[in-house]
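# Structure at a glance
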Amino acid sequence: MMRNGETSPFSRLSACLEMLFVKESPTFADRIHMAHAAGFEAIEFWRWTDKDMPAIRQALAETGLSVAGIVAEPMISLTDDNNHAAFLDGLAKTLDIASSLGAPVLIAQAGDLLADVERDRQRDNISHCLTRSADILRGSGVTLALEPLNTLVDHPGYFLSSTEEGLDIVDAVARSEIRLLYDLYHSMVMGEVPEKVLAGRVDRIVHAHIADHPGRNEPGSGQLPLRQAMAWLDANGFRGRFGLEFRPTQSTSDALQAMAGELA
């Protein structure tokens, strides 16, 4: 199910273990083994500071799974320049972890919209912090991916809900170390059409996430045209992984089987 051929975008699925196999085990290392048994070749997760990293390293060594990405910590608002020193210090530490895991992508959140600061100033703050982040990442082979999120359902008050604005920030920074994480769920919840918001700029996307809507559950449980969007991304040059970042409506195994029929 997870390996449909070298040319298929569906052979590049990554299991987000913050959501998958959670019902089956509270132990993160166990979920790595479950992902391997399910046929995944890569996993991803959010924070590393709240996890048993030695156990994770052992499980990865035992299964041979790769790590597609982790979150850059601390998760604090880049819209506020008072947070930049702490973020950059944490980024250097996260880079060490990512490098040791072989994870090519770090995920960055833009942060909250500040009511008392002009939007252009907040956007400039994000760009400035990402530029300084690129200096830390230079030569490492690790990319920092800025992630737009939806503000209609899951993240009210978040600064960056527009994919186009996220791409504009990436273009303003103009560094190869800084790219975008494109979450099809968040984008389409905001009413965006992937083919329009990504037109001519797919090369700025380093990683993708998928879930269906409504519910943020497995593909096929809702109404989003995920299969078509994934195929379009692949046809237009996206070669990163698609992270399965959804809440299973049933057991993870059953959800994956149902999803396979939708994405086949």
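For the rest of this paragraph, the subject is the pairing of strand β7 (residues 205–210). Of all six residues in β7, five are buried, a share of seventy percent or more. For strand β6 (residues 178–183) and β7, the ladder comprises four bridges, and the chain directions are parallel. Paired with D183 across the bridge in β7 is H209. By the bridge criterion, three bridges tie β7 to strand β8 (residues 242–244) in an arrangement that is parallel. The partner of I210 across the bridge, within β8, is L244.

Judged by nonpolar contacts, the single largest core of 77 residues is most densely connected at L144 and L184. Counting residues in hydrophobic clusters, the runner-up holds five residues, among them V71, I107, A145 and L181.

Orientation of helix α3 (residues 84–101) relative to helix α4 (residues 119–137), taken along the N-to-C sense of each, is 30 degrees, at an axis distance of 10 Å. By the angle between their directions, the pair α3 and α4 is classed as roughly parallel. Between α3 and α4 lies a crossing whose hand is right-handed. Across the interface between the two elements, H84, F87, L88, L91, A92 and L95 from α3 touch N125, H128, C129, R132, S133, I136 and L137 from α4. Grouping the constituent residues of the contact of α3 with α4 by class yields eight nonpolar, four polar and one charged.

Among all positions of helix α2 (residues 53–63), only M53, I56, A59, L60 and T63 are buried. Buried residues of α2, viewed axially, fall in a sector of 120 degrees; they line one side. In α2, the exposed positions that point more than 90 degrees away from the buried face belong to P54 and A61. Its buried side turned inward, α2 meets α1 (28–37), β2 (42–44), β3 (66–71) and α3.

On to the side chain of E192, then. Among the structural elements, E192 can be located in the loop between α6 (184–189) and α7 (194–197). The buried charged residue E192 lacks any salt bridge, with R201 as its nearest oppositely charged partner at 9.6 Å. Within the structure, the side chain of E192 is placed 2.6 Å from the side chain of T163, a separation counted as a polar contact. Only 2.5 Å separates the side chain of E192 from the side chain of S187, close enough to count as a polar contact.

For the rest of this paragraph, the subject is the packing of aromatic side chains. Where two aromatic rings form a pair, the distance of their centres and the angle of their planes describe that pair. Following the criterion strictly, the structure yields two aromatic pairs and no others. Considering the side-chain rings of F28 and F45, the 5.3 Å spacing of their centres and the 75 degrees angle between planes classify their relative orientation as edge-to-face. With F28 in helix α1 and F45 in the loop between β2 and α2, this pair connects stretches of sequence that are 17 residues apart. For the residue pair F28 and F45, the accessibility class agrees, reading buried in each case. Ring geometry for F238 against F242: centres 5.1 Å apart, planes inclined by 75 degrees, an arrangement best described as edge-to-face. Assigned by exposure class, F238 and F242 land together as buried.

Turning our attention to the sheet that holds β6. Ordered by their spatial adjacency, eight strands build a closed barrel running β1-β2-β3-β4-β5-β6-β7-β8, and the pairing between neighbours is parallel. Averaged over neighbouring strand pairs, the angle between their axes works out to 30 degrees when direction is ignored. Taken together, the three bridges between β2 and β3 define a ladder with parallel strand orientation. Across the sheet, E44 pairs through a bridge with G69, a residue of β3.

Scored by pLDDT, the protein comes out at a mean of 95, with 96% of its residues at no less than 70. Of all helices and strands in the protein, the one with the weakest mean pLDDT is helix α9 (residues 252–263) (92), whereas strand β5 (residues 143–147) scores best (99). Scored below 50 in pLDDT, residues 1–7 makes 20 contacts in the model with residues more than four places away or belonging to other chains.

Rules of the game
The written sequence of each chain sets the order in which its residues are numbered from 1. The predicted origin of the model limits local features to residues at a pLDDT of at least 70 and limits the giving and counting of side-chain atom pairs to 80 or more, whereas totals for whole chains, interfaces and linings rest on all residues. By convention in this description, side-chain values take in all heavy atoms of the structure and omit both hydrogens and water. Burial classes follow relative accessibility: with a 1.4 Å probe on protein chains only, a residue under 20% of its type's maximum area counts as buried, one over 50% as exposed, and anything between as partly exposed. Strands are runs of DSSP state E lasting at least two residues, helices are runs of H or I lasting at least four, and both sets are numbered from the N terminus onward. Any two strands with at least two DSSP bridges between them are considered paired. Buried residues of nine kinds, namely Ala, Val, Leu, Ile, Met, Phe, Trp, Tyr and Cys, make up a nonpolar core once their side-chain atoms join them within 4.5 Å. Between N-to-C directions, angles span 0 to 180 degrees; the directions come from axes that are lines fitted to C-alpha atoms, helices contributing only their stretch in contact. Roughly parallel means an angle under 35 degrees; roughly antiparallel, over 145; roughly perpendicular, 65 to 115; everything else is oblique. Each crossing gets its handedness from the near helix: less than a right angle anticlockwise from the far helix is left-handed, clockwise is right-handed. Here a residue-residue contact requires only that any non-hydrogen atoms of the pair lie within 4.5 Å. When residues are grouped by polarity, Ala, Val, Leu, Ile, Met, Phe, Trp, Tyr, Cys and Pro land in nonpolar, Asp, Glu, Lys and Arg in charged, and all others, Gly among them, in polar. Think of the arc as the fan of directions from the helix axis to the C-beta atoms. Note that His is not counted, nor are the chain ends; the positive residues are Lys and Arg, and the negative ones are Asp and Glu. What counts as a salt bridge is simple: a side-chain nitrogen of Lys or Arg found within 4 Å of a carboxyl oxygen of Asp or Glu. Two N or O atoms count as a polar contact when they lie within 3.5 Å, although within protein this holds only if one can serve as hydrogen donor and the other as acceptor, and sequence-adjacent residues are included solely when both atoms are side-chain atoms. Aromatic rings from Phe, Tyr and Trp, taking only the six-membered ring of Trp, are treated as a pair when their centres fall within 6.5 Å; an angle between ring planes under 30 degrees marks them as stacked, one over 60 as edge-to-face, and anything in between as tilted. Every residue is assigned a pLDDT by the predictor, reflecting its confidence on a scale from 0 to 100.

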